[in-house]
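Analysis of the macromolecular model
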Amino acid sequence: MAWRVAGKKGTFTSLTKALAVRSRYTAASVSKSNLEEVQRTIPVLVGQIQGCFLNAAQWKSNCTNLLTYRTSIRCFHASPETLAWKKEPEALGLKIQKKGKFKKRTKDSSPPVEAPYVPPKLKRAASSSLSDRTVEIFDGMTIVELAKRCGVSIPVVQDILKNVGEKVDSEYDPLSIDISELVAMEIGVNVRRLHSNEGAEVLPRPPVVTVMGHVDHGKTSLLDALRLTSVAAKEAGGITQHLGAFVVGMSSGASITFLDTPGHAAFSAMRQRGAAVTDIVVLVVAADDGVMPQTLEAMSHAKAADVPIVVAVNKCDKPAANPEKVKIQLATEGLALEEMGGDIQVVEVSAVTKTGLDKLEEALLLQAEMMDLKSRVDGPAQAYVVEARVDRGRGPLATAIVKAGTLVCGQHVVVGAEWGKIRAIRDMLGKSTDRARPAMPVEIEGLKGLPMAGDDIIVVHSEERARMLSAGRKKKFEKDRLGRKMESEKLGALVSESNLEDEEGEVEEKPKRVEMTIIVKADVQGTVQAVTDALKSLDSPQVFVNIVHGGVGPISESDVDLAQACGAFIVGFSIPTPPGSINQAANKAGIKIKIHRVIYHLLEDIGNSIVEKAPGTFETKVSGEAQILSIFELKGRSKAKGDDVKIAGCRVIDGRLIRSSTMRLLRSGEFVFEGSCASLKREKQDVEAVGKGNECGLVIQNWDDFKVGDVIQCLEQVNRKPKFISSQSGAVRIEC
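Residues numbered from 1 in each chain as written. Predicted model: local features only at pLDDT ≥ 70, side-chain atom pairs only at ≥ 80, totals over all residues. Heavy atoms only, no water.

Identification of the protein as Translation initiation factor IF-2, mitochondrial from Solanum stoloniferum is taken from an unreviewed UniProt entry. According to the UniProt record, the Sequence similarities (unreviewed entry) comment for the protein reads "Belongs to the TRAFAC class translation factor GTPase superfamily. Classic translation factor GTPase family. IF-2 subfamily." The Subcellular location (unreviewed entry) field of the UniProt record for the protein holds the comment "Mitochondrion". (UniProt positions renumbered as here; feature names shortened; annotations may be inferred.)

By the criterion of burial, strand β11 (residues 382-391) is predominantly enclosed, with 7 of the 10 residues buried. Relative to strand β19 (residues 456-460), β11 is paired through 3 bridges, and the arrangement is antiparallel. Looking at the pairing, Y384 lines up with D456 of β19. In the sheet, β11 pairs with strand β12 (residues 395-404) via 9 bridges, with the strands oriented antiparallel. Residue pairing across strands places V385 opposite A400, the latter belonging to β12. In this antiparallel pair of consecutive strands, β11 and β12, the connection spans 3 residues. (Buried < 20%, exposed > 50% of the residue type's maximum accessible area, 1.4 Å probe, protein only. Helix = DSSP H or I, 4+ residues; strand = E, 2+ residues; numbered from the N terminus. Pairing = 2+ DSSP bridges.)

Our focus in this paragraph is the sheet that holds strand β23 (residues 593-596). Judged by pairing direction, the sheet is parallel, and its 4 strands sit side by side in the order β21-β20-β22-β23 without closing on themselves. Two strands lie at the open edges of the sheet, namely β21 (543-552) and β23, each paired on one side alone. Along the sheet, successive strands turn relative to each other by an average axial angle of 25°, direction set aside. Strand direction decides the pairing type here: strand β20 (residues 514-522) and β21, joined by 9 bridges, are parallel. Paired with A522 across the strands is V552, a residue of β21. Helix α15 (residues 525-536) rests against β20, β21 and β22 (569-573) of the sheet, and its axis sits at about 175° to β21. (Axes fitted to C-alpha atoms, helices over the stretch in contact; angles between N-to-C directions. Contact = heavy atoms within 4.5 Å.)

The following block contains the structure:
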């Protein structure tokens, strides 16, 4: 940049502006006191630059020469650090490092401290509280509605949709019910699917009837009489231990789907599943036995599922039958019978003589007609798993009842946390079919894994969607399981801390609790769950029953390896005896294998094993009593043998006296002394024990103040084991 100076007056002004710009001085930086000196200096420079154009390099050199006159111009820089060299830096709020030698940093020779790992906090702090929340989803719901029901913001739902590979255009776009479930599971909430029948063909369907009641009250025999078969004869021990489903054609031409549930106390979960899928509950009560515990439990399951009840009073052909007494008992338990002004029908039947079956059929069809049972026939099927098992040749099999829609062979399905493509559909007679309609019990084949009894079956459009839903459900299931485990551990820690705080002073020693590790194998999934729950109910303060694994199918080598690793024994129920190679491997590893086919025998066997393994509690027991009849004194003994000794001449009046036990001296019923027995003789012979009615001489260590009439009790430490108690209803427990 160049400046052209025109005259003296303009030269001074232009030069002053130029100097202010280039050297960051203001016009006010030239003081009046130095103005004359500046005016003398300016003409010299003006003579050098007048009449010529200066380039940038020449201008910079001239400005540098001008800056050498530091005495004529006062400098005020905008930065306070520059002024700090002439003034105190503390006055301007600056910290200037003082000059000096730098100190060498010393190395810390102490070992590093291992700090516990603290996981980072999640962005959604309320996600832990969402696990107990259940939202309803349906096909075609928008992103806005899904976010509102799940309690999260719309961007969160959109991010999850992008992660699962869904295209997001607008927040009002409809979502499929499968995608909605994936998003809800990722958020951490439980879902309940809602299905609409709009535009679908809705037709009447057969009723699903569940037969429930107490064990050995004739449920299966009644069904055998209805379908003219003999299932009860095939059941081990004469009791039903599985949940069966079949269709019975009535004489009137109508068909009814029946579910037979076990009556034993161990199969409560099966009865609950039966009540959840049923339309009508037939409550079977024996006329000669009356209302029993499982009868009341079946009533509670039916009431919880809001299902109508039809009472069948069975065994009316027996001489001890009293149906009127049964009706009074049922009315006392809260059932409003028709004879007493209610709406619950009561039918007297006999499975042996086949009397009253036509009346039971009429009652069931009348109840079904009043309910006006209809279901959607077309569209994807909704089904419910009532039982699951593993077949050696066909793989995992699931027994299901279709609730709505039509289940077609070749469809991709998601069953609980498992998925698969339906390879075959068979009815309860074993015949193959290509489709299953509502209220039809079928057995499906083609699942990748064994589902849980009680899972829902949903039909999806593709294999990829089935895989995604299965993976999401498994992840959600594992997350919930770990959450429950952590909560139980925290609760246990709090309880133990409270117990430690409450303990003050001397506390009685509590018995040691040992662990019994068990591996359960059974023929079907529902039985595995029933046996596992029954064994867990045998927990006691002394023995903890730990079920490390429960599986379906015969015992394998992997089960033996797992039992050897964790020190468990294997319990098999309704499975074939393992081959010789597995028995040999188990014997070599010291693993016990117990196979049972009747639930009574299994629970009794395990209960006795628990009683044997329990450490028990040691208690002081009076094993014998003796009364002092006379006192003898031995004198004149040498110093080597000790002082004089007093001997109590006694007669054993109860039990027996044992030399190795502790003796307690009672005088007039009050405690006087307790000590060990130093000598016990009978007829001058040292003996270990003296029975009832015999006389003996007794010496108590460190005590010689005997009196005639005193009572000496023999105290013995006894280990009291728990007791295995089985009730008439089949319920078992361990009593300590």
